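Next come the chains, spelled out residue by residue.
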Amino acid sequence: MKGRLARWGWRLFAWGLILLVAAPLVWMVATSLKPEDEVFSLEPALLPEEPTLEHYATLLTETGFAGYFANSATIATATTVVVVGLAVLGAFSRARFRYRGRETIAAAVLLCYMLPSVVLIIPLYLMLVKLGLANTIASLVIAYTSFALPYALWLLRTFMAAIPAEIEQAALIDGASRMGAFFDVLLPQALPGIISTALFTFILAWNEYLFALVLVNADDVRPLTTGVMTMLVSGFNIEWSLLMAASVMMSVPLIIILAFLQGYLVKGFGAGAVKG
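Quick caveat, the model's predicted, so the values are computed rather than measured.

## A word on the overall build of the chain
Working step 1: When you go through the chain residue by residue, the secondary structure sums to 13 helices and 0 strands.
Working step 2: Principal-axis analysis of the C-alpha atoms places the extent of the chain at approximately 75 × 70 × 35 Å.
Working step 3: Here the chain, with 276 residues, has 38% of them falling under the buried criterion.
Working step 4: With the model as given, the accessible surface of the chain reaches about 15800 Å², and the carbon-plus-sulfur share is 70%.

Next up, the structure:
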């Protein structure tokens, strides 16, 4: 009896937390569907009395939201490809080869991961200005790679270290080259880790705000995070309906990705926490 009451108590507690977290999201969606007069009503209601999609239509046809969306998709995808490509090779090197300075490199990577990202803003900005990359999409890809890569290296190293070396050795004995064993044997085994790393990197690049605010001032290369704030929020007015509609549309790609691949993301975070 006590065990059953305890289980029900934990379930109620869990559902209470879920409702607490979900309430702002529900309000965001509801506000994006409300006409302007309902948004500023003195007696606000959770659900719209007369739902409308006019805010979404205005957002897509009369603002630069589509351009910002394309910039964010380009930046997040490019960052993910670069980070995963470098992390796979670096993690394979750390997990399979022994060479002088290996532990020093590992400590340096960990130190980079522990540094607050805000510390890197000024050095990165000065470096990008000297390279002539200021106010470009490439500048954000480089910046996001700088703080996503250390975590990706540690995460993928955990997966690759857990794969038995005997599998590769058997492939080498059967006549496969080192790169053949890497692509045909190791990568398929490390696929859950690679997917979780890609998800982590994509989400980080999609949601990042501070670096985009500092490194990019040109409107044609702004990502969603800074573009929407610049477009809809000013010192005298906030377009709440359009802002909520933009927030919903910004969340849709991440919701779709997480709905299909959340198992890999949880597996990757769990591996990094337990095995380090």
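Now that the structure has been shown, the text picks up again.
## A short note on the confidence of the model for the chain
Working step 1: Of the residues in the chain, 93% reach a pLDDT of 70 or more, and the chain-wide mean stands at 82.
Working step 2: Mean pLDDT across the elements of the chain ranges from a minimum in helix α13 (residues 240-275), with 73, to a maximum in helix α4 (residues 65-96), with 90.
Working step 3: Contacts from residues 272-276, a stretch scored under 50 in pLDDT, to residues over four places away or in other chains number 7 contacts.

## Quick notes on helix α5 (residues 102-114)
Working step 1: Between its first and last C-alpha atoms α5 spans 19 Å; for 13 residues at 1.5 Å apiece the expected length is 18 Å, and the two agree.
Working step 2: For α5, the complete set of buried residues consists of R102, A106 and V109. Along the axis of α5, the buried residues cluster in a sector spanning 60 degrees; they form a single face. Relative to its buried face, α5 has exposed residues pointing more than 90 degrees away, namely E103, T104, L111 and M114.
Working step 3: Buried residues in α5 make contact with α4 and α7 (137-162).

## Concerning the packing of aromatic side chains
Working step 1: Taken as a whole and assessed by the stated rule, the structure comprises 7 aromatic pairs.
Working step 2: Note on F65 and F69: the rings are 6.1 Å apart at their centroids and 45 degrees apart in plane angle, and the pair reads as tilted. Here F65 and its partner F69 are both found in helix α4, 4 residues apart, which amounts to about one turn of the helix.
Working step 3: Aromatic rings pair up to connect F65, F69, F202 and W206 into one cluster.
Working step 4: Over the ring of W8 we find R11, and its NZ or CZ is 5.1 Å from the ring centre.
Working step 5: Positioned over the ring face of W27 is K34, at 4.5 Å from the centre of the ring.

## Examining the pattern of salt bridges
Working step 1: What the rule picks out here adds up to 1 salt bridge.
Working step 2: Among the ionic pairs, D219 bridges to R222, the shortest N-O distance being 3.4 Å.
Working step 3: What makes R222 buried here is its relative accessible area of 12%.

## Here's the deal with the side chain of T79
Working step 1: Within the fold, T79 resides in helix α4.
Working step 2: One polar contact links the side chain of T79 to the main-chain carbonyl oxygen of I75, over a distance of 2.7 Å.
Working step 3: What T79 contacts, discounting residues up to four positions off in sequence, is V141, Y144, T145, T201 and A205.

## Concerning the nonpolar core
Working step 1: Ranked by size, the top nonpolar core spans 60 residues in total, and within it F65, V88, Y144, F211 and V228 carry the most contacts.
Working step 2: Broken down by element, the residue count for this core peaks at 14 residues, all from α7.

## Some remarks on the packing of α7 against helix α10 (residues 191-207)
Working step 1: Look at α7 against α10: their axes get within 10 Å of each other, and the N-to-C directions meet at 160 degrees. It follows from the interaxial angle that α7 and α10 lie roughly antiparallel. The handedness of the crossing between α7 and α10 comes out as right-handed. Across from Y144, F147, A148, Y151, A152, L155, L156 and F159 in α7, the residues of α10 making contact are P192, G193, I194, S196, T197, F200, T201, L204 and A205.
Working step 2: Counted by class, the contact of α7 with α10 contains 13 nonpolar, 4 polar and no charged residues.

What counts and what doesn't
- Residues numbered from 1 in each chain as written.
- Predicted model: local features only at pLDDT ≥ 70, side-chain atom pairs only at ≥ 80, totals over all residues.
- Heavy atoms only, no water.
- Helix = DSSP H or I, 4+ residues; strand = E, 2+ residues; numbered from the N terminus.
- Buried < 20%, exposed > 50% of the residue type's maximum accessible area, 1.4 Å probe, protein only.
- Areas by Shrake-Rupley, 256 points an atom, 1.4 Å probe, with all protein chains shown as cover.
- pLDDT = per-residue confidence, 0-100.
- Contact = heavy atoms within 4.5 Å.
- Expected span 1.5 Å × (residues − 1).
- Arc of directions from axis to C-beta.
- Phe/Tyr/Trp six-rings, centres within 6.5 Å; stacked < 30°, edge-to-face > 60°.
- Lys NZ or Arg CZ within 6 Å of the ring centre and 35° of its normal.
- Salt bridge = Lys/Arg side-chain N within 4 Å of Asp/Glu carboxyl O.
- Polar contact = N/O pair within 3.5 Å; in protein donor to acceptor, adjacent residues only side chain to side chain.
- Core = buried A, V, L, I, M, F, W, Y, C linked by side-chain atoms within 4.5 Å.
- Axes fitted to C-alpha atoms, helices over the stretch in contact; angles between N-to-C directions.
- Parallel < 35°, antiparallel > 145°, perpendicular 65-115°, else oblique.
- Left-handed = near helix turned anticlockwise from the far one by under 90°.
- Nonpolar A, V, L, I, M, F, W, Y, C, P; charged D, E, K, R; others polar.

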